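One-letter residues, chain by chain:
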Amino acid sequence: MKLTEDDISRVCRLVDELSGIQWDASKTYLIETRLPGLLREHQCATLAELVAKVRSGTDPRVRAAFIDAITTRETLFFRDESPFEALKHKALPEIIDAKAGTPFARRLRLWSAACSSGQEPYSLGIVLRELIDDLDDWDVQILATDISPAALAAASKGVYSDFEVSRGLSPHLRDRYFTKVPGGWKISDEIRALVCFDNRNLLKPFGTLGSFDVIFCRNVAIYFDAPVKRDLFERLAGVLAPHGTLFVGSSENLSTFGERWKPQYHCRGVFYQPNRRPPATPNPAATARPALSTTSFRGVASR
Ligand SMILES: C[S@@+](CC[C@H](N)C(=O)[O-])C[C@H]1O[C@@H](n2cnc3c(N)ncnc32)[C@H](O)[C@@H]1O
């Protein structure tokens, strides 16, 4: 595929607008490897034509296929292990204690934001089943969202190859929570029933999602630029319950946001809780001009 500078910048702009994922000239190999199939499939003679077709929105299948092509969906069960240990042995017990005696004592809401093909939310489900004996008497929901329709289709089906179940799952957990079916291993109904899937773009406002006790938002913000990252984590803080915890990827570090996030440690695992902001005290001198943070937030939110 012969690429011009215009092709590259056109594609990178569209990728950014649709997903926040940052591609630049250094990612030309991704354009060369991931997009030719789409050109053929959707009868586009050039990349410019493909970009125009995706932008026009006339055929939702082209847009969906484009998003599937630009997303990197690498994942595995119990990825990095230590966050799941920290969840099981520290975060969840603390959350459950904090909620004891409240009307929501037996209610847990978890969110796997950018769940890819489902290994992450199903790992969360397995942790809950392993930790709480009478889970069926609890009101539990694991929301699993992703921008990629292909990822969600695979996740919702819940069937994994021998190779996929060999990554991160012990034979004991595999045999306990999966059944052998033609073509792979199917997640058990008792875990599948805990999870509901939804197609969501993390750049968009969360709307009426409600609040969460635990959010896993791992290995997705690494693809975004700094203002989008900051805005995303700020909005995630807004949907965490008062005792709620946020888990990020092992290469991600929220200390770049100063004091906003308080790290909590368990063995090698780390998770974060937002430092609550003191309620704003009205300052008459400040009302004359807009706050800087509002201006920059608008810039990001309008994507
Ligand atoms: C590398 S996978 C991470 C999966 C899982 N969280 C993990 O850590 O194993 C990144 C996922 O982010 C999704 N993604 C990328 N941009 C997104 C966006 N703007 N909104 C929602 N999901 C997005 C991709 O489709 C992909 O499934």
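A quick note: this is a predicted structure, and the numbers were derived from the prediction, not measured. (Residues numbered from 1 in each chain as written. Predicted model: local features only at pLDDT ≥ 70, side-chain atom pairs only at ≥ 80, totals over all residues. Heavy atoms only, no water.)

## Considering the overall build of the protein
- Tallying secondary structure elements over the protein gives 13 helices and 10 strands in all.
- Over its C-alpha trace the protein gives a radius of gyration of 21 Å, about what one expects of a compact globule, namely 19 Å for 303 residues.
- With the C-alpha coordinates of the protein rotated into their principal frame, the extents come out at 70 × 60 × 35 Å.
- For the protein, the proportion of its 303 residues judged to be buried stands at 47%.
- For the protein, the share of sequence-separated contacts (at least 6 apart) that also reach a separation of at least 24 residues comes to 73%. (Helix = DSSP H or I, 4+ residues; strand = E, 2+ residues; numbered from the N terminus. Rg over C-alpha atoms; globule rule 2.2 N^0.38 Å. Buried < 20%, exposed > 50% of the residue type's maximum accessible area, 1.4 Å probe, protein only. Contact = heavy atoms within 4.5 Å.)

## A closer look at the domain arrangement of the protein
- We note that the domain assignment places domain 1 (5-70) and domain 2 (82-274) within the protein.
- Computed from C-alpha atoms alone, the centre-to-centre distance between domain 1 and domain 2 is 30 Å.
- In this assembly, 10 residues from domain 1 lie in contact with nine residues from domain 2.
- Both faces considered, domain 1 and domain 2 share a buried interface measuring about 720 Å² in area, 63% of it formed by carbon and sulfur atoms. (Domains from an automatic or database assignment. Buried area = accessible area lost by both parts, 1.4 Å probe.)

## What about the state of the cysteines?
- Tallying each qualifying case throughout the model produces zero disulfides.
- Residue Cys 44 stays outside any disulfide, its sulfur separated by 18 Å from that of Cys 12, the closest cysteine.
- Take Cys 196: it sits in no disulfide, and the sulfur closest to it among the cysteines is that of Cys 115, at 10 Å. (Disulfide = S-S within 2.5 Å.)

## What about the site of the ligand?
- Looking at the ligand, there are 22 residues lining it, with Thr 75, Arg 79, Ala 114, Asp 146 and Asn 219 nearest.
- At 2.8 Å from a nitrogen atom of the ligand is found a main-chain nitrogen or oxygen belonging to Ser 19.
- Residue Glu 120 places a side-chain N or O atom 3.2 Å away from a nitrogen atom belonging to the ligand.
- Coverage of the ligand by the protein chains reaches 99% of its 600 Å² of free accessible surface. (Near = heavy atom within 4 Å. Polar contact = N/O pair within 3.5 Å; in protein donor to acceptor, adjacent residues only side chain to side chain. Areas by Shrake-Rupley, 256 points an atom, 1.4 Å probe, with all protein chains shown as cover.)

## Thoughts on unusual backbone geometry
- One non-glycine residue, Ser 116, lies in the positive phi region at around 50°.
- In this fold, Ser 116 is placed in the loop between β1 (107-113) and α7 (119-131).
- With a phi angle near 50°, Cys 267 is a residue other than glycine that sits in the positive phi range.
- Judged by relative accessible area, Cys 267 falls into the exposed class, the value being 74%.

## As for the sheet that holds strand β5 (residues 184-187)
- Pairing is antiparallel in the open sheet, where three strands are placed in the order β3-β5-β4. In the strand order of this sheet, the two ends are held by β3 (159-160) and β4 (178-181), each with one partner.
- Where β4 lies against β5, four bridges are found, and the strand directions are antiparallel. Looking at the pairing, Thr 179 lines up with Lys 186 of β5. (Pairing = 2+ DSSP bridges.)

## Quick look at the confidence of the model for the protein
- Confidence in the prediction of the protein, expressed as mean pLDDT, is 92, and 91% of residues score 70 or more.
- Long-range and interchain partners of residues 286-303, a stretch whose pLDDT sits below 50, account for nine contacts in this model, where long-range means more than four residues apart. (pLDDT = per-residue confidence, 0-100.)

## Topic: the pairing of strand β7 (residues 212-216)
- Along β7, five of the five residues are buried, which leaves the element largely enclosed by surrounding structure.
- Judged from the three bridges that link them, β1 and β7 form a sheet pairing that is parallel. Across the sheet, Ser 112 pairs through a bridge with Phe 216, a residue of β7.
- Where the polypeptide runs from β7 across helix α12 (residues 226-238) and back to strand β8 (residues 240-247), its parallel neighbour, the crossover connection is right-handed. (Right-handed = clockwise from strand over helix to strand, strands pointing away.)

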